[in-house]
Each structure stands twice: as C-alpha cells, then as structure tokens.
Amino acid sequence: MLRIREYRRVESLEEAYELNQKKTNRIIGGGLWMKIGDRNLMTAIDLSGLGLDQISETEDEFVIGCMATLRDLEVHPGLNAYTDGAVKQSVCHIVGVQFRNCATVGGSIYGRFGFSDVLTLFAALDCYEFIHMNYDNDILVAVHIVKTPVKITYLSQRNTATDFPVIAVAVSEYNEKLHVSIGARPVRAETLTLDLSEKADMEHLVKKVQEQFSFGSNRRGSADYRRHIAGVLVKRACAANEQQEDRK
C-alpha cells in the first residue's frame, strides 16, 4: 500500500527541487507504478502545475515534457511520422487508454524499469544520454530527441495483449550505425551499437546480439526463451527497416 503523509502541488521547479532533496519525499509523476508495493512517503511532489506536459518540435529536435503522458506520445503526429509509427507501437499495448492518459513520460524514463517499453524505444533513438546515470535527487524535466534521419522499428512479445512485455526490441539505423536496444530481459534496456555492414549476414548478427546481451528468467518467460525471441524480433525489425527504405 502507498501511504502519503502530505501532498504538495508545487509552483516552481525550485520548490520541487528543494522538496525532492529529502529521501522521504518523491516526485509522483502519474503515480501509477508507485502504487505497486508497500511504501511510505512524507511528501508527494506534484509537477502538474508547471506546464511540463507539452511536446514541442523544432527544426532540430523534439522536446518532450516530463509530465506529457504515454497517450500524448501515442497520438503525436510529428513523433510518429519521424519514427514511422515506432513511438505508437512502443506504448499502444501498455494496459489501456485510461492508464496511458495518466502514466507520464518522465516517470517511465526516470524509473528505468526493466519492463519499460518506452525506455527500450528511446534507448535506440538519438536522445540526450540518461539511462546510465546514477539515481539522484535531480528532476527529469524533459526528454530531447535529436531529429537525426533515422529508420527505426519497435517490436515486443507479450503473453497477453496488455501485459508487461516478455521481451522488447527496438532496432534503429542512424549516423551510419545499427543500434539494437533490448529491454524486458527482464532487466532494463541496453543498447548495442554496430556497423551497418553487420546486417549483411543476418544469422551472424542475430547470434552476436544473443551473445552480447544477458537474459534472465521470471514467471513470464525463461532466459532461453527470451534469447530466442530476441533474435527473431531483431531479424524482423531489420527487415521492417528495409521496407521503410523502400517506401521512401
């Protein structure tokens, strides 16, 4: 059960930062994953009054505010045009529309959850580095995606349509490199960057990916099953990226 002693809807980032320096306080984001487990918070810090729920697009990048929802990602025309629908595919299976209208991008990214579809996708894009930073008391205000020309495909395997993924894969091509991101292994997503020439021998590429990433077992699937399905999805994603090239 989640127990909150005090709720504060802050009026500035400075106020939020000051409150967040105490270990017993927490930025709540959408507050959905926080409900899982047993914890006590002295102060829940709400950023919803700071206008951080917008997705803006410039000539060079997308800037996604931390309070933008997963539903905002799902229906954003610019992001989905840029990624050929990969953004939508990374979130459309997460529970349901009502849930995605509440869950925030900031909460999904900052949490760096092992099951995160969102983190798996963003790890394959040209984003400002965050995934390997230590957990601290700073506040993730926005996620920046550089508008580097990219081909990207997102795929996942689920036991049921709206369950957590058994394995999640994003494969992208930009800056003359192949980027393979695999999440739900069941630990958080990691990215392997390779030369584009590696695609010439697909069986070798799949074997290399399967050897480079570690896979574990839980009630959703075994390590061997995850390793095998990851290879299948990497192969399918590479083929889908080639079809993007043909459409262009």
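Whatever comes next refers back to the structure up there.
Everything in this summary refers to the structure shown in the same document. From a predicted model like this one, the values you see are computed outputs, not experimental measurements. (Residues numbered from 1 in each chain as written. Predicted model: local features only at pLDDT ≥ 70, side-chain atom pairs only at ≥ 80, totals over all residues. Heavy atoms only, no water.)

Our focus in this paragraph is the side chain of T104. Relative to the helices and strands, T104 is located in the loop between α5 (97-100) and α6 (105-111). Here the side chain of T104 touches G107 through a polar contact of 3.0 Å, landing on its backbone nitrogen. Dropping the residues within four chain positions of it, T104 is found in contact with G29, G30, C66, M67, A68, T69 and L70. (Helix = DSSP H or I, 4+ residues; strand = E, 2+ residues; numbered from the N terminus. Polar contact = N/O pair within 3.5 Å; in protein donor to acceptor, adjacent residues only side chain to side chain. Contact = heavy atoms within 4.5 Å.)

All told, the structure shown has 14 salt bridges when counted by the stated rule. Among the ionic pairs, E173 bridges to K151, the shortest N-O distance being 3.2 Å. With E173 in strand β8 (residues 167-174) and K151 in strand β7 (residues 151-157), this pair connects stretches of sequence that are 22 residues apart. When its relative accessible area of 12% is taken as the criterion, K151 is described as buried. By sharing partners, the salt bridges in this structure join K151, E173, K199 and E242 into a single network. (Salt bridge = Lys/Arg side-chain N within 4 Å of Asp/Glu carboxyl O. Buried < 20%, exposed > 50% of the residue type's maximum accessible area, 1.4 Å probe, protein only.)

Quick look at the sheet that holds strand β5 (residues 61-65) now. In spatial order, the strands read β4-β5-β6; together these three strands make up an open sheet with antiparallel pairing. The open sheet has two edge strands with one neighbour each: β4 (55-57) and β6 (142-146). In this sheet, adjacent strand axes meet at a mean angle of 15° when their direction is disregarded. Sheet analysis places β5 next to β6, joined by five bridges and oriented antiparallel. Its bridge partner being in β6, F62 is matched across the sheet by I145. (Pairing = 2+ DSSP bridges. Axes fitted to C-alpha atoms, helices over the stretch in contact; angles between N-to-C directions.)

Turning to helix α1 (residues 13-20), its buried residues number three or more, namely A16, L19 and N20. Along α1, the residues classed as buried sweep out an arc of 95° about the axis, all on the same side. Within α1, the exposed residues directed more than 90 degrees away from the buried face are E14 and E18. Of the surrounding secondary structure, the elements contacted by the buried residues of α1 are β1 (2-9), β2 (25-27) and β3 (39-46). (Arc of directions from axis to C-beta.)

Along the chain, R26 turns up in strand β2. Take R26: its relative accessible area is 34%, and that puts it in the partly exposed class. Non-local contacts of R26, meaning those with residues more than four positions away in its chain, are made with N20, M34, R39, L41, T43, A44 and I45.

Pairs of aromatic rings are described using the distance from one ring centre to the other and the angle between the two planes. In total, this model carries three aromatic pairs according to the counting rule given. Taking the centre distance of 5.6 Å and the plane angle of 50° together, the rings of F62 and Y82 count as tilted. Placement of F62 in strand β5 and of Y82 in helix α3 (residues 77-82) is noted, with a sequence separation of 20 residues between them. On the accessibility criterion, F62 (0% relative accessible area) is buried. Between the aromatic rings of F113 and F115, the centroid separation amounts to 5.1 Å while the plane-to-plane angle is 5°, which identifies the pairing as stacked. In this structure an aromatic cluster arises from ring pairing among F113, F115 and F164. Positioned over the ring face of Y110 is R112, at 5.1 Å from the centre of the ring. The ring of F62 has K147 lying over it, and the distance from NZ or CZ to the ring centre is 5.2 Å. (Phe/Tyr/Trp six-rings, centres within 6.5 Å; stacked < 30°, edge-to-face > 60°. Lys NZ or Arg CZ within 6 Å of the ring centre and 35° of its normal.)

Quick look at the nonpolar core now. I64, L73, F122 and I145 are the most contacted members of the largest nonpolar core, which has 34 residues in total. Counting residues per element, this core draws most heavily on helix α7 (residues 117-123), at four residues. (Core = buried A, V, L, I, M, F, W, Y, C linked by side-chain atoms within 4.5 Å.)

Strand order across the open sheet formed by four strands is β7-β8-β9-β10, with antiparallel pairing between neighbours. The open sheet has two edge strands, β7 and β10 (190-195), and neither has a second partner. Neighbour-to-neighbour, the strand axes of the sheet open up by a mean angle of 15°, direction not taken into account. As defined by bridge partners, β8 adjoins strand β9 (residues 177-183) across seven bridges and the pair is classed as antiparallel. The residue bridging A168 from the neighbouring strand is G183, located in β9. Of the strands in this sheet, β9 and β10 are in contact with helix α8 (residues 202-212), which crosses β10 at around 145°.

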